[in-house]
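# Survey of secondary and tertiary structure
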Amino acid sequence: MATKSWGNVRQLSNHARVLRYIFRNQPVSRSEIGQDLNLPRSMVTGITARLIEQDIVRELGKADTQEDGAPGRRRQLLGIRPDARFAVGAEIGVRHFRFCLTDLAGHVLEELCYAPTEEQIRRVNETLCLGVRQLLDRRPELGGRVVGVGIALPGHLNAQTGGMVSHAPQWDAFNLRAVADGLDQPVTAENNVRAMAYERYLFDIQSCPENFVFLHVGPGIFCSEFKGGMLTGGSYISGEIGHTISNPDGQRCECGKVGCLQTYASEDWIIKKARIIYASAPHSALRSLAGRAEDITLQTVLTAYQLGDTLVIQELREAVRYLAVAAANLAIIMGTEKLYLHSRMFQHEILKSELKAGIESQLTFVDKQNSEDVEILEFHPARAAVGAAALAIDRLFICDRS
Ligand SMILES: [Zn+2]
């Protein structure tokens, strides 16, 4: 089966441009489509007629305002039929493999998630094929309406070989072509944080602009960017904000540099520092929460924070402070319309408001508007898998139309 790693919006057919425009701007009239895409009315009428015939687009009823230049006629609005097609999104990682089946509006119909064994990671291509088949077997009635499979990777796709570029050796066996061969479905793949940006772009059409940055804080810190409706920067180091220097006098990062943002604000380093607190501070709340230093997770750290452990509070405040500076710098440099932040840490309301205040204070010298465009998202563990389904819909269904 075909693999597709890259969809260039600029090279889209008019058919694909119209469908993508309806996706992002629905409910929308034919005249708006024609004006914004600079296409003749007759062409828009022809393309939308075909999409309606194929049951992908539907007429939603008349708008309150009149069609330009057509007195007395109210505009007929068009929208996507959410159940016209479906997609599978999969996320692979050492902690979990997650599979989601979604419709065109991003509703999750079926989900499968488990912690993989070493064997399942070693045989990652077969594991992926099996997971997709298990998920689709639950909904045999969808049959030919599944457009394909998107995969969110804990690294970057090597478009030449189909392999994954990653610091972690356990993913050496991954190959997109092998997955495509094992499935009776077209497949595509992207880095997991880039997939999360797709989840915003395609499934949050109400508030997601055409230009935005998505910053994710997990075991590592990474950002991705959409510009003019296109995911930017396909290189292996773009987005590596975690390895920009926050403090040249800081600690040595695993990348070899000193004082990376990663060493202050990533989950891995927060846990690592909490383990040091555990070992050196006998009265720490961490002692009552974990039997051994190795048992400390991010959740343990957050609970200790809530219990008022002063060293943990200090550690997390420092993480928030460095993260706020990095996020504000990013917003200023990128000049983007919106900055999304996603992290398990900011489920905690106090940390969330400290981060928001920190970013806003950094942005006071610029337009007030800017700080309002920072959105700290609710943490959603399936965001990358759902984003991978959005990726599949965009690349394998919308952009692929001739
Ligand atoms: Zn680093």
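Just so it is clear, the model here is predicted, and its values are computed rather than measured.

Cut-off values and rules
- Residues numbered from 1 in each chain as written.
- Predicted model: local features only at pLDDT ≥ 70, side-chain atom pairs only at ≥ 80, totals over all residues.
- Heavy atoms only, no water.
- Domains from an automatic or database assignment.
- Buried area = accessible area lost by both parts, 1.4 Å probe.
- Salt bridge = Lys/Arg side-chain N within 4 Å of Asp/Glu carboxyl O.
- Helix = DSSP H or I, 4+ residues; strand = E, 2+ residues; numbered from the N terminus.
- Donors = N, O, S within 2.8 Å, 3.2 Å for Na, K, Ca; no water.
- Tetrahedral: all angles 85-135°; square planar, octahedral: opposite > 155°, others 65-115°.
- Buried < 20%, exposed > 50% of the residue type's maximum accessible area, 1.4 Å probe, protein only.
- Contact = heavy atoms within 4.5 Å.
- Expected span 1.5 Å × (residues − 1).
- Polar contact = N/O pair within 3.5 Å; in protein donor to acceptor, adjacent residues only side chain to side chain.

## Considerations on the domain arrangement of the protein chain
Under the domain assignment used here, the protein chain contains domain 1 (9–80), domain 2 (86–206 + 382–398) and domain 3 (212–376). Of the roughly 940 Å² buried between domain 1 and domain 2 on both sides combined, carbon and sulfur atoms contribute 66%. Looking at the side of domain 1 facing domain 2, the largest losses of area belong to Arg20, Phe23 and Arg24, adding up to 70% of the total buried there. At the surface where domain 1 touches domain 2, the tally comes to one salt bridge. For the side of domain 1 that touches domain 2, the element with the most residues is helix H1 (residues 14–25), which contributes five residues.

## Description of the coordination of the zinc ion
Looking at the metal site, the zinc ion is ligated by His243 (ND1), Cys253 (SG), Cys255 (SG) and Cys260 (SG), spaced 2.0 to 2.3 Å from it. Relative to the metal, the four donor atoms surrounding the zinc ion lie at angles of 102 to 124°, and the coordination shape comes out tetrahedral. Classification of histidine 243 as buried rests on a relative accessible area of 18%.

## Overview of the side chain of glutamate 267
Looking at where glutamate 267 falls in the secondary structure, it is placed in helix H9 (residues 267–280). Glutamate 267 sits in the buried class, given a relative accessible area of 5%. Residues contacting glutamate 267, with those up to four places away along its chain left out, are Arg95, Val217, Gly218, Pro219, Leu298 and Arg344.

## What to know about helix H7 (residues 192–203)
With twelve residues, H7 should reach 16 Å at 1.5 Å per residue; the first-to-last C-alpha distance of 16 Å fits that figure. Of all twelve residues making up H7, twelve are buried, and the element is well covered by its neighbours. When we look at burial in H7, the residues that qualify are Asn192, Val193, Arg194, Ala195, Met196, Ala197, Tyr198, Glu199, Arg200, Tyr201, Leu202 and Phe203. Where H7 begins, the side chain of asparagine 191 points an oxygen toward the backbone nitrogen of valine 193, at a separation of 2.9 Å.

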